[in-house]
Amino acid sequence: MGIPADRLPDETLLAGFGAGDADLSLAFVRRFQRVVFGVALTVIGDPTTAEDVAQQAFERAWRHAQVYDSRRGSVRAWLTTIAHNLAVDVIRVRTSAPVDPQDLPALLTAMTDTPERFAVAHDNAAGVRRALAALPAGQARAVAMAGIYGMTARQIAEVEGVPLGTAKTRIRDGMEKLRSAYLREDVGDE
Amino acid sequence: MSELNEMSCEEFADLAAELALGVLTGRERARAITHLDQCDTCREHVRQLSLTGEEMLGLLPSREPPAGFETRVMGRLGHPAIARRPKRTRRMLATAAVALAAVACGLGGWGLRGAISAPSAGNPHTAQASVRTAALLTAGHQTDGRIFLYNGSPQWLYMAVDMDADMSNGMVICQLEASDGHIITVGSFHLDGGYGSWGSPDPLAAGDVTGARLISLNGTVLATASFTAAK
């Protein structure tokens, strides 16, 4: 009849994590460690640095747990954003070309149609996932390079060998299509 | 000032996605932010694009971290949770903080709002909700834990026990006492070295609870809690 810590709602675990409750903290880390490490590893590529960033992400979440606002988004999204910001900060210092364009198709495939993603992704992401899969290749690459690797339009233009204006247009058009899909998710259940 | 203010909504729309993704730099970024400060429509546009970007991050594949990751995270945060338990007083303070933080942060108490990891929404009941708490006392009037009753929607109870380590290992049972005197068994949970915490939907109206008991499997009353009149 009772509910063990590992089945408590995300918000409860976060509150316990921020308050220093040992059991709830452990349950919080266990629930989200794969997500956080996955983000860090995808962006950074190096497992050792990715682990350090993932640890930093949990540390930052612990420090700021009390300012988390559930109206702003889910705990998962909040934590993902923290990990992503830290990871992008690392690669911006380290390199001017964080990703090899040859690696992008595999990542985009993993984000859009692998069985694991369908099983793990929360339902609300289905529309954006489909929209990402439907983007023209150039737009999908530009959106991924900007949105995941934090690359500027100028960096994308250099990597892709296209004019700056083309890179900017690809980011804009790709993101607008994803936004439309996101808004449709928001209006109706999928 | 004048030149920075001159960006039109059409110009802004060309840069909105880059701004939302945090990849707009230099003068373009300064002009875009200046426009954003003055235009509610474009601010909403960027907000939607930012949320879309976050949604895209949610599609990134999860990966199993290296062995021992959780231990290293807990150690980094100063949690000796795996190797040894924190001291009794600190644990009790933390438990109380969990209760207060959950409500103070507008988290809707401990209500199970939908599936685990589902996106959250504001809880309209938060403003009316309240938490009642009482100490779990032994026969010798030693505090062995606390029970919290959350009078929100749904109603929820949370119990944290922290008794002497040699007192109890194994299952214990939580019972509530209603105002008409009848006792209801809510559930059971496991104590490890005298420590355990547990939450459950509250089967009684929180205001109808007058007391709680923690009993062992053989029926021995380990501790009791008494609530004053509901607020």
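All figures in this text were calculated on a predicted structure; none of them were measured in a lab.

Bringing the overall build of chain A into the picture now. A tally of regular secondary structure across chain A gives 10 helices and zero strands. Beginning at the N terminus, the succession of helices and strands in chain A can be written as α-α-α-α-α-α-α-α-α-α. Buried positions account for 59% of the 190 residues belonging to chain A. Taking the contacts inside chain A whose residues are at least 6 apart along the sequence as the reference set, 60% of them involve residues at least 24 apart. Carbon and sulfur atoms form 50% of the exposed surface of chain A, whose accessible area is close to 8000 Å².

Tallying each qualifying case throughout the model produces 17 salt bridges over all chains. Across the salt bridge formed by R172 of chain A and D14 of chain B, the nearest N and O atoms sit 2.6 Å from each other. Of this pair, R172 of chain A sits in helix α10 (residues 164-187) while D14 of chain B is found in helix α1 (residues 9-20), placing the two residues in two different chains. Since its relative accessible area comes to 37%, D14 of chain B is described here as partly exposed. Across the salt bridge formed by R179 of chain A and E176 of chain A, the nearest N and O atoms sit 2.9 Å from each other. Separated by three residues within a single helix, R179 of chain A and E176 of chain A lie in helix α10, roughly one turn from each other. Each member of the pair, R179 of chain A together with E176 of chain A, is buried. Linked by salt bridges that have partners in common, D52, E59 and R63 of chain A together with R76 of chain B make up one network.

To continue, consider the side chain of H45 of chain B. One can find H45 of chain B in helix α3 (residues 40-57). H45 of chain B sits in the buried class, given a relative accessible area of 14%. Aside from chain neighbours lying at most four places away, what touches H45 of chain B is E176 and R179 of chain A together with A16 of chain B.

What follows is about the pairing of strand β3 (residues 156-162) of chain B. All names here are of chain B. In terms of residue burial, β3 counts as a mostly covered element, since seven of its seven residues are buried. Across the two faces of β3 the burial is the same, with W156, Y158, A160 and D162 and L157, M159 and V161 all buried. In this sheet, strand β6 (residues 195-201) lies alongside β3 in antiparallel orientation, the contact comprising seven bridges. Residue M159 lies in a different strand from β6, and its bridge partner there is W198.

On to the pairing of strand β7 (residues 209-216) of chain B. Residues and elements named next belong to chain B. When you tally the buried positions in β7, you get six out of eight residues, the bulk of the element. Across seven bridges, strand β4 (residues 170-178) lies against β7 in antiparallel orientation. Looking across to β7, one finds that L176 is bridged to A212.

What follows covers helix α8 (residues 137-147) of chain A. The buried count for α8 of chain A comes to nine of 11 residues, which makes it a mostly enclosed element. Of all the residues in α8 of chain A, the buried ones are G138, Q139, A140, A142, V143, A144, M145, A146 and G147 of chain A.

Residues and elements named next belong to chain A. Viewed as axis vectors pointing N to C, helix α3 (residues 47-64) and helix α4 (residues 75-94) meet at an angle of 135°, and their least axial separation amounts to 9 Å. One element, α3, and the other, α4, form an angle in the oblique class. The handedness of the crossing between α3 and α4 is right-handed. For the pair α3 and α4, the contacting residues are T49, V53, Q56, A57, F58, R60, A61 and H64 in the first and W78, L79, I82, A83, L86, A87, V90 and R94 in the second. In the contact of α3 with α4, the residues fall into 11 nonpolar, three polar and two charged.

What counts and how
- Residues numbered from 1 in each chain as written.
- Chains lettered and ligands numbered in written order.
- Predicted model: local features only at pLDDT ≥ 70, side-chain atom pairs only at ≥ 80, totals over all residues.
- Heavy atoms only, no water.
- Helix = DSSP H or I, 4+ residues; strand = E, 2+ residues; numbered from the N terminus.
- Buried < 20%, exposed > 50% of the residue type's maximum accessible area, 1.4 Å probe, protein only.
- Contact = heavy atoms within 4.5 Å.
- Areas by Shrake-Rupley, 256 points an atom, 1.4 Å probe, with all protein chains shown as cover.
- Salt bridge = Lys/Arg side-chain N within 4 Å of Asp/Glu carboxyl O.
- Pairing = 2+ DSSP bridges.
- Axes fitted to C-alpha atoms, helices over the stretch in contact; angles between N-to-C directions.
- Parallel < 35°, antiparallel > 145°, perpendicular 65-115°, else oblique.
- Left-handed = near helix turned anticlockwise from the far one by under 90°.
- Nonpolar A, V, L, I, M, F, W, Y, C, P; charged D, E, K, R; others polar.

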